[in-house]
Structures are given as structure tokens and as C-alpha cells.
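Inside the fold
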Amino acid sequence: KNINFEINKNAKIGICGESGSGKTTFADLISGLMKTDKGTIYINDKKLIKEETLIRSFSYCGQKNFLIEDTIKNNITFKGEINQEEEIQLNKLLKIVELDSFVNNLDSKINTLISSENGIKLSGGQAQRVCLARCLFTNKNFLVLDESINSIDSINKEKIIQNILNSFKDKTIILITHDVKLLKKFDEILVF
């Protein structure tokens, strides 16, 4: 209630707070996934009229993610075919999310099927990394990570966040987490 602040272009913002304090609601509002019932969101001093404007600008990776019974590649890209530029981008993203060595050790590499019956079953941390790579693949201006790495071990969490911060300096990144070590990597911290 009654919050007022600005998010500057290319800002790196960490958000923390108690459960139920409104962190996810805040992320849903600024990502356009939820409409405001009070208050106003402005973009470059212009009042937001349609949430679709936000949805086109934000890439959101939440606490609960999903995988489809398809290849690792298609779970990240949601495309049957990708061009050479997208293939290069995909390989960079696998490194950023610390999934490249795992994928490269699979017989079918990026084309390995994720399935509970006929393919491989990923751990919770591996599944989160695939979903994080998907989020990054969309290449939007704003990246919101809402406790989207909580199933990943602490060493890889720190590596992944540092990789994202190093690789996406031209993006606005918002991380919601309870991990104080990760928050220290951000320029600004909001406590809810």
C-alpha cells in the first residue's frame, strides 16, 4: 500500500521481505500480469493504459515454472526451428545458466527429450535453469526473477546471478530473493 518509486533504465534491483509482504504482487503488477485496482503506473512519464505494453517489455521467471514434454531446445525457445543467430544465443544462455556441461554430456545434447517416460527427468534445479534460459531467450528490456532460482544450490545460484548481471548490463533486472548474498550484487535493494 502507498508505495511510490521509480525504476530507471538498466537498473539492477534486489527485492526482499517477509512472506506475504507483496513482493510477487508487485512483480505481477509491473510485469503487466495483474491489473492495478488503485494507483497508476507510468512509463517515461506517460500513464500506462494497457497492461499489454508491459507484457511486451517484461520477461518474467516466477517461482513455479513448467516444462513441456519436448526437447531441451524447444523448452527454451518454444520454436521447432531456430536460425544460426538464435543457436549461438542459445549456447551462450546455457553457459549463463550453468547448464552447458550437463547438456553437452547428454547423447542428444540440446535435442534431448524431457519426459517422465521416454526421455530424461530433470532435477528441480535443472528445470529452473531451463526456465531461466527460456526467460532470457526472449531478450526483453526488463527481466523479473521472482524466487526463480530457489531450487538451485547456493554456489551455482551466485554464479548464475553474476553471469546474468555481467551479460545483460543493458537490461533492467529485478530479483526477488531471500538470499542476502545475492542481494549484495544489486545496485538498489527494496525491502517489503
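Look up a bit, the structure's there.
**Observations regarding the pairing of strand β5 (residues 142-146)**
In terms of residue burial, β5 counts as a mostly covered element, since four of its five residues are buried. Bridging between strand β4 (residues 58-61) and β5 involves four bridges; their strand directions are parallel. The partner of C61 across the bridge, within β5, is L145. Sheet topology note: the β5/strand β6 (residues 172-176) ladder contains five bridges and is parallel. In the strand pairing of β6, L143 is matched with I173. Between the parallel pair β5 and β6, the chain is carried across by helix α7 (residues 154-167), and the sense of this crossover is right-handed.

**Remarks on the pattern of salt bridges**
Enumeration according to the criterion identifies three salt bridges in this entry. As a salt-bridge pair, K79 and E86 come within 2.3 Å of each other at their nearest N and O atoms. Here D153 makes a salt bridge to R129, at a shortest N to O gap of 3.8 Å. Highlighted residues: D153 in the loop between β5 and α7 and R129 in helix α6 (residues 124-137), separated in sequence by 24 residues.

**Concerning the packing of helix α4 (residues 84-96) against α6**
Taken N-terminus to C-terminus, the directions of α4 and α6 make an angle of 135°; their axes are 10 Å apart at the nearest point. One finds that α4 runs oblique with respect to α6. The hand of the α4/α6 crossing is right-handed. Facing E86, Q89, L93 and I96 of α4, the residues of α6 in contact are A133, L136 and F137. A breakdown of the residues in the contact of α4 with α6 according to their chemical character gives five nonpolar, one polar and one charged.

**Things to note about α4**
Taking 1.5 Å per residue, 13 residues should reach 18 Å; α4 reaches 19 Å between its end C-alpha atoms and fits that length. Buried residues of α4: E86, L90, L93, L94 and I96, and no others. Buried residues of α4, viewed axially, fall in a sector of 155°; they line one side. Seen from the open side of α4, the exposed residues pointing more than 90 degrees away from its buried face are Q84, E85, K92 and K95. Packed against the buried residues of α4 are α3 (72-77), α5 (100-104), α6 and α7. Measuring from the side-chain oxygen of the N-cap residue of α4 to the backbone nitrogen of E85 gives 3.1 Å; that N-cap residue is N83.

**Considerations on the pairing of strand β1 (residues 12-16)**
Most of β1 sits out of view: five of its five residues are buried. A two-sided burial pattern is seen for β1, the buried positions comprising K12, G14 and C16 on one face and I13 and I15 on the other. Note: β1 against β6, four bridges, orientation parallel. Bridge assignment links G14 to a residue of β6, and that residue is L175. As paired strands, β1 and strand β7 (residues 188-191) are joined by four bridges and run parallel to one another. Across the sheet, I13 pairs through a bridge with E188, a residue of β7.

**Some words on the environment of N111**
Tracing the backbone shows N111 in the loop between α5 and α6. Judged by relative accessible area, which is 44%, N111 ranks as partly exposed. The spatial distance from the C-alpha of N111 to the C-alpha of L190 is 40 Å, given a sequence separation of 79 residues. Ignoring any residue separated from it by four or fewer positions in sequence, one finds N111 in contact with T71 and K73.

**Focus on unusual backbone geometry**
Of note in the backbone geometry, F78 takes a positive phi value of approximately 55° without being a glycine. Relative to the helices and strands, F78 is located in the loop between α3 and α4. Non-glycine residue N139 carries a positive phi angle of around 55°. Take N139: it is sitting in the loop between α6 and β5.

Cut-offs and rules
- Residues numbered from 1 in each chain as written.
- Predicted model: local features only at pLDDT ≥ 70, side-chain atom pairs only at ≥ 80, totals over all residues.
- Heavy atoms only, no water.
- Buried < 20%, exposed > 50% of the residue type's maximum accessible area, 1.4 Å probe, protein only.
- Helix = DSSP H or I, 4+ residues; strand = E, 2+ residues; numbered from the N terminus.
- Pairing = 2+ DSSP bridges.
- Right-handed = clockwise from strand over helix to strand, strands pointing away.
- Salt bridge = Lys/Arg side-chain N within 4 Å of Asp/Glu carboxyl O.
- Axes fitted to C-alpha atoms, helices over the stretch in contact; angles between N-to-C directions.
- Parallel < 35°, antiparallel > 145°, perpendicular 65-115°, else oblique.
- Left-handed = near helix turned anticlockwise from the far one by under 90°.
- Contact = heavy atoms within 4.5 Å.
- Nonpolar A, V, L, I, M, F, W, Y, C, P; charged D, E, K, R; others polar.
- Expected span 1.5 Å × (residues − 1).
- Arc of directions from axis to C-beta.
- Polar contact = N/O pair within 3.5 Å; in protein donor to acceptor, adjacent residues only side chain to side chain.

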